[in-house]
Protein chains: 2
Amino acid sequence: MTKLIKKPNETKEKLIRAGTAILTEQGFASTGIDSILKQVKVPKGSFYYYFESKEDFGISIIKYYAQYFAKKLDQSLLNTDLSPLARIYDFYKHATLGMKKYQFRRGCLVGNLGQEITMLPDSFRSLLIETLNDWQYKMATCLKEAQKNEELAKHINCEELAEFFWIGWEGAVMRAKLMKNEQPLTLFIKQFLPSHTFM
Amino acid sequence: MTKLIKKPNETKEKLIRAGTAILTEQGFASTGIDSILKQVKVPKGSFYYYFESKEDFGISIIKYYAQYFAKKLDQSLLNTDLSPLARIYDFYKHATLGMKKYQFRRGCLVGNLGQEITMLPDSFRSLLIETLNDWQYKMATCLKEAQKNEELAKHINCEELAEFFWIGWEGAVMRAKLMKNEQPLTLFIKQFLPSHTFM
């Protein structure tokens, strides 16, 4: 019987997950709460029970996505069965499959919100920067392991290279959405891995 | 007296210019025609005299921006007073000044629309791809001159490198908007120019 009793957090999570899926496809400013509520069949009153405002909802979504994506990154970048650079390639492979699964309609939530940042609540900016910094830290750590492993030249600044990676990766995800295929992701990783790291 | 008579095209151009400025800051889906009309003080009837629909207006804006940006690119990439790679650096310097001028609120219209492509009319997709291809062609031509000039290794595929440039550049512009400073643009060009081309 207990299985039938919905926990209050279940509805909250359902809302966050639905909001996350929508915001990987489209912008925050143009997304109405009503369309999300309709999709998950939750009345407006319940929404305001869990979230103070649309801004509050957006913050929960960014935090949820940041954690979800960090876990995905770790699955590749901490996989010690692979060499450090092969882990980056592994991340690319999984990310490409993830985009394929949704016919390249869904991109990166952080990239989408970053693009429309001038229209968004101020609280989003620092949260998005913090999220990118976290992913960059993970990438820089992997690149430093590549240096130890002699896959990457010692003189390279891994923090800067990690930032370069995310700048380019966000651009590649955006272009893959535009082209509706994986070619931009493949071109990016092919240029990034050999020219910067295999030397 | 003739100076006082407004040509019909003047209003059309005014609308396109205002629309362009707005769409470098924010998305198409969330931008209402009314707010643009209010800004340029043009009645709604006049808008529909010049444009069949919001989609038609969007197409005119993309075409206008594509031409405007291509001219800016040519000013740097065809400047024979500079070496081919110095021309790319010159483009970066001008683009950075352009973003600074608007406190990093305005980014690339093609990047903005590319990010929200799943919500936009189908006609936009091919036009945005075409525009990026044009910019890539200009960049590839400059990179080939760099090869002739022995600034760039002969084995490098200039078309692929030009595509890599635009993928990363769009990512850098987006990040500069997010950070509200030029650091991502500088980091990108610093990584792009030496590691891919100075060898």
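This structure is a prediction, so every number in the text was calculated from the model and none was measured.

1. Topic: the overall build of chain A
Reasoning step 1: In terms of helices and strands, chain A carries 9 helices and 0 strands.
Reasoning step 2: For chain A, the succession of helices and strands along the chain, N to C, is α-α-α-α-α-α-α-α-α.
Reasoning step 3: Along the first, second and third principal axes, the C-alpha atoms of chain A reach 60 × 40 × 30 Å.
Reasoning step 4: Expressed as a percentage of the 199 residues in chain A, the buried residues total 54%.
Reasoning step 5: For chain A, long-range pairs separated by at least 24 residues make up 69% of all intrachain contacts whose partners lie at least 6 apart in sequence.
Reasoning step 6: Taken as a whole, chain A presents about 9700 Å² of accessible surface, with 54% of it coming from carbon and sulfur.

2. Side note on the relation of the copies chain A and chain B
Reasoning step 1: Aligned on chain B, chain A shows an RMSD of 0.0 Å; the corresponding rotation is 180 degrees and the shift along the axis is 0.0 Å. Such a turn and shift between the copies fits a two-fold axis.
Reasoning step 2: When you check the interface residues of chain A against chain B, 100% turn up at the interface there too, and the contact is symmetric in its surfaces.

3. Comments concerning the side chain of K138 of chain B
Reasoning step 1: Within the fold, K138 of chain B resides in helix α7 (residues 122–148).
Reasoning step 2: Sequence-distant contacts of K138 of chain B, that is, excluding residues within four places in its chain, are made with A70, L73, D74 and L77 of chain B.

4. Some points on the packing of aromatic side chains
Reasoning step 1: Evaluation of the coordinates by the stated rule reveals 51 aromatic pairs over all chains.
Reasoning step 2: Look at F47 of chain A and Y48 of chain A: their rings are 5.0 Å apart centre to centre, the planes differ by 85 degrees, and that puts the pair in the edge-to-face class.
Reasoning step 3: Measuring from centroid to centroid gives 6.3 Å for F164 of chain A and F192 of chain A, while their planes differ by 25 degrees, and the two rings are stacked. With F164 of chain A in helix α8 (residues 158–179) and F192 of chain A in helix α9 (residues 183–196), this residue pair connects regions lying 28 residues apart in the sequence. Neither F164 of chain A nor F192 of chain A differs from the other in exposure class; each is buried.
Reasoning step 4: A cation over an aromatic ring shows up here: R106 of chain B above the ring of Y102 of chain B, its NZ or CZ 3.8 Å from the ring centre.

5. Examining helix α5 (residues 84–101) of chain A
Residue and element names in this part refer to chain A.
Reasoning step 1: In this model α5 runs 26 Å from its N-terminal to its C-terminal C-alpha over 18 residues, within 8% of the 26 Å that 1.5 Å per residue would give.
Reasoning step 2: When α5 is considered as a whole, its buried residues turn out to be P84, L85, R87, I88, D90, F91, Y92, A95, T96 and M99.
Reasoning step 3: Positive phi appears at Q103, one or two residues downstream of α5, with a value of about 50 degrees.

6. Topic: the environment of A66 of chain A
Residue and element names in this part refer to chain A.
Reasoning step 1: Tracing the backbone shows A66 in helix α4 (residues 54–77).
Reasoning step 2: What makes A66 buried here is its relative accessible area of 15%.
Reasoning step 3: Residues A66 and L128, spaced 62 residues apart in sequence, show a C-alpha to C-alpha distance of 8.6 Å.
Reasoning step 4: For A66, the residues in contact, after removing those within four places along its chain, are T131 and W135.

7. Quick notes on the side chain of K177 of chain B
Reasoning step 1: Looking at where K177 of chain B falls in the secondary structure, it is placed in helix α8 (residues 158–179).
Reasoning step 2: One buried charged side chain, K177 of chain B, makes no salt bridge at all; its nearest oppositely charged neighbour is E25 of chain B, positioned 8.4 Å away.

Reading guide: rules and limits
- Residues numbered from 1 in each chain as written.
- Chains lettered and ligands numbered in written order.
- Predicted model: local features only at pLDDT ≥ 70, side-chain atom pairs only at ≥ 80, totals over all residues.
- Heavy atoms only, no water.
- Helix = DSSP H or I, 4+ residues; strand = E, 2+ residues; numbered from the N terminus.
- Buried < 20%, exposed > 50% of the residue type's maximum accessible area, 1.4 Å probe, protein only.
- Contact = heavy atoms within 4.5 Å.
- Areas by Shrake-Rupley, 256 points an atom, 1.4 Å probe, with all protein chains shown as cover.
- Least-squares fit on C-alpha atoms with pLDDT ≥ 70 in both.
- Phe/Tyr/Trp six-rings, centres within 6.5 Å; stacked < 30°, edge-to-face > 60°.
- Lys NZ or Arg CZ within 6 Å of the ring centre and 35° of its normal.
- Expected span 1.5 Å × (residues − 1).
- Lys, Arg positive; Asp, Glu negative; His and termini not counted.
- Salt bridge = Lys/Arg side-chain N within 4 Å of Asp/Glu carboxyl O.

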